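Chain by chain, the residues:
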Amino acid sequence: MIRIFSWLILFWALTASAAFAQRDTLSLNLSQAESLFLRNNFDLLASNYEIDQAKAEIITAKLFENPTLEYENLFYNHETKKFLQTSYAYGQYAGSISQLFKLAGKRNKNIKLAQTGVKMAEYEYFDLVRTLKFELVTTFYKAYFAAQSVNVYQEQISSTDQLAKAYDLQLKMGNVAAKDVIRIKSLLINLKAEQAELLNELEDYYKDLKLLSGVNASTSITLVLDKSVLTSPAVDKIPYQALLDSARANRADLKLAKTNLLYNERNLKLQKAMAIPDIEVGLSYDLKGNYPEKYTGLGIKIPIPLFSRNQGEIKKAQIGITAAGVNIKKQEALLENEVFNSYKTALRNEKLFAEIDPAFGTDFNTLVSSLIKNFKARNISLIEFLDLYDAYKENTLQLNKLQSERMSTRAELNYVTGSNIF
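Residues numbered from 1 in each chain as written. Predicted model: local features only at pLDDT ≥ 70, side-chain atom pairs only at ≥ 80, totals over all residues. Heavy atoms only, no water.

1. Here we look at the confidence of the model for the protein
Here is the rule: Every residue gets a pLDDT, meaning the predictor's confidence in that residue, from 0 to 100. Each helix corresponds to a stretch of at least 4 residues labelled H or I by DSSP, and each strand to a stretch of at least 2 residues labelled E; elements are numbered beginning at the N terminus. Two residues qualify as a contact provided that any one of their heavy atoms is within 4.5 Å of a heavy atom in the partner residue.
On average, residues of the protein score 88 in pLDDT, and 91% of them are at 70 or above. The weakest mean pLDDT in the protein belongs to helix α1 (residues 2-23) at 42; the strongest belongs to helix α7 (residues 252-274) at 97. Below pLDDT 50 for its whole length, residues 1-23 participates in 0 contacts with residues either more than four positions away or in separate chains.

2. Examining the packing of helix α6 (residues 240-250) against helix α8 (residues 311-354)
So the rule is basically this: In this analysis, axes come from line fits to C-alpha atoms, helices being fitted only over the stretch in contact, and the angle between any two N-to-C directions falls in the range 0 to 180 degrees. Orientation categories follow fixed angle ranges, with anything under 35 degrees roughly parallel, anything over 145 roughly antiparallel, 65 to 115 roughly perpendicular, and all other angles oblique. What makes a crossing left-handed is the near helix being turned counterclockwise from the far one by less than a right angle; a clockwise turn instead makes it right-handed. Three classes are used: nonpolar for Ala, Val, Leu, Ile, Met, Phe, Trp, Tyr, Cys and Pro, charged for Asp, Glu, Lys and Arg, and polar for all others, with Gly counted as polar.
Packing of α6 against α8 brings their axes to within 10 Å, and their N-to-C directions diverge by 140 degrees. Between α6 and α8, the crossing angle belongs to the class labelled oblique. In this structure, α6 meets α8 at a crossing whose hand is right-handed. Across from Tyr240, Leu243, Leu244, Ala247 and Arg248 in α6, the residues of α8 making contact are Leu335, Glu336, Val339, Phe340 and Tyr343. Counted by class, the contact of α6 with α8 contains 8 nonpolar, no polar and 2 charged residues.

3. Here we look at the environment of Lys272
Stated precisely, the cut-off is as follows: Note on classification: 1.4 Å probe, protein chains only; a residue is buried when its accessible area is under 20% of the maximum for its type, exposed when over 50%, partly exposed between these limits.
By the element assignment, Lys272 lies in helix α7. Here Lys272 falls in the partly exposed class, since its relative accessible area comes to 46%. Taking the C-alpha atoms as reference, Lys272 lies 11 Å from Lys316; in sequence the two are 44 residues apart.

4. Observations regarding the sheet that holds strand β2 (residues 68-73)
This is how the line gets drawn: A pair of strands counts as paired when DSSP detects no fewer than two bridges linking them.
An order of β2-β5-β7-β8 is seen for the 4 strands of this open sheet, with the pairing classed as antiparallel. The sheet terminates laterally at β2 and β8 (295-301), the two strands that pair on one side only. Strand-to-strand twist of the sheet, defined as the mean angle between neighbouring strand axes without regard to direction, takes the value 15 degrees. Sheet topology places β2 next to strand β5 (residues 93-101); 6 bridges connect them, and they run antiparallel. The residue bridging Thr68 from the neighbouring strand is Ser98, located in β5.

5. Here's the deal with the pattern of salt bridges
What counts here: Any Lys or Arg side-chain nitrogen found within 4 Å of a carboxyl oxygen on Asp or Glu counts as a salt bridge.
According to the stated counting rule, one finds 18 salt bridges in the structure shown. Asp278 is the salt-bridge partner of Lys106, the closest N and O atoms lying 2.7 Å from each other. Here Asp278 lies in the loop between α7 and β7 (279-286) and Lys106 lies in helix α4 (residues 106-172), a separation of 172 residues in the sequence. Classification of Asp278 as buried rests on a relative accessible area of 17%. The closest approach of N and O atoms between Glu194 and Lys393, which form a salt bridge, is 2.9 Å. Of the two residues, Glu194 is situated in helix α5 (residues 178-213) and Lys393 in helix α10 (residues 382-417); the sequence distance between them amounts to 199 residues. Relative accessible area serves as the criterion here: at 28%, Glu194 is assigned to the partly exposed category. Salt bridges linked by common partners bring Asp127, Arg130, Arg251, Asp253 and Glu338 together as one network.

Encoded structure:
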């Protein structure tokens, strides 16, 4: 019975361990990574709260001023020796209520200014999405192709390890020279060292992806790439002017700069309105401290704009308009340069990739398989084998690097145009 119970516990532990391992590995394509990013990214969540804060400013701007209530009572009557008397014969009290009325449309101007502030917060959010999404996509491509390169190293390490073991046996039998075994083992060590260095880079990419997507740090990631994104659409089929027009229409940072100009223009109107005094209307009652007794009065209070007419804030708003205009010109120049530079880089990478024979990778894999067979059969020398083997590795790594850079420049075109062309 105890033995059966032990087997059940062991079975449960293995099942739970397998389920945990399965649950702890996440297969991600680019679309899924973007969905997680939009849902879980901490910077986006924080920026969303800033939009809510800006909307709260509209609530504040819509509120009217609170009325002011004032009351005064006789504290001590030295004739009657009593405190806080309120009777007509022995007491005295006075009270008033007043309300401030803002003139020159200050309330409406404040509301419009707060609404513009919300627009600015939204454009800041959209620009943050654009920037972080670009980082996510480029990191995804770097990680994916780095993983492919790691696999290349792993295949070479596995085949070289088998070759080293075979040569160890041949060395014991006296069929090969010791220097040949040393060269093969040296190649194996170099391959493992290069793979370890690349694995460190890959782990950094995975760390950035997890942070951007809100994935748990302990989760293992496997990236999946839709092969169709590697070919369509062709960059050279898209006119430069279309990309520039898209950037001007969609870039959130340019919209933010233009909205900032509107904000300063509305702020100037508000500051000019603030120079106009507000009026305060009050109603008061006094039991016996005024003439006649049981006095009821209506009062109006208005400051005289003799010295302060809000000159400083008006000047600041005028300077803000000038600065915002300069910033728009800067953003437009920056936008044009980024689109032009990214387009030229993308065309160059596309041209380089188009010049590579699509069958090159397959042909090279076939060549390496026959290379190992011929070397084992001693049809080629060790030096020839090592040279061709190194050429295979370097060319495969360069292909992966070129693919990564090509896809990253496509992502950069999306980034600089503020659209999803690719």
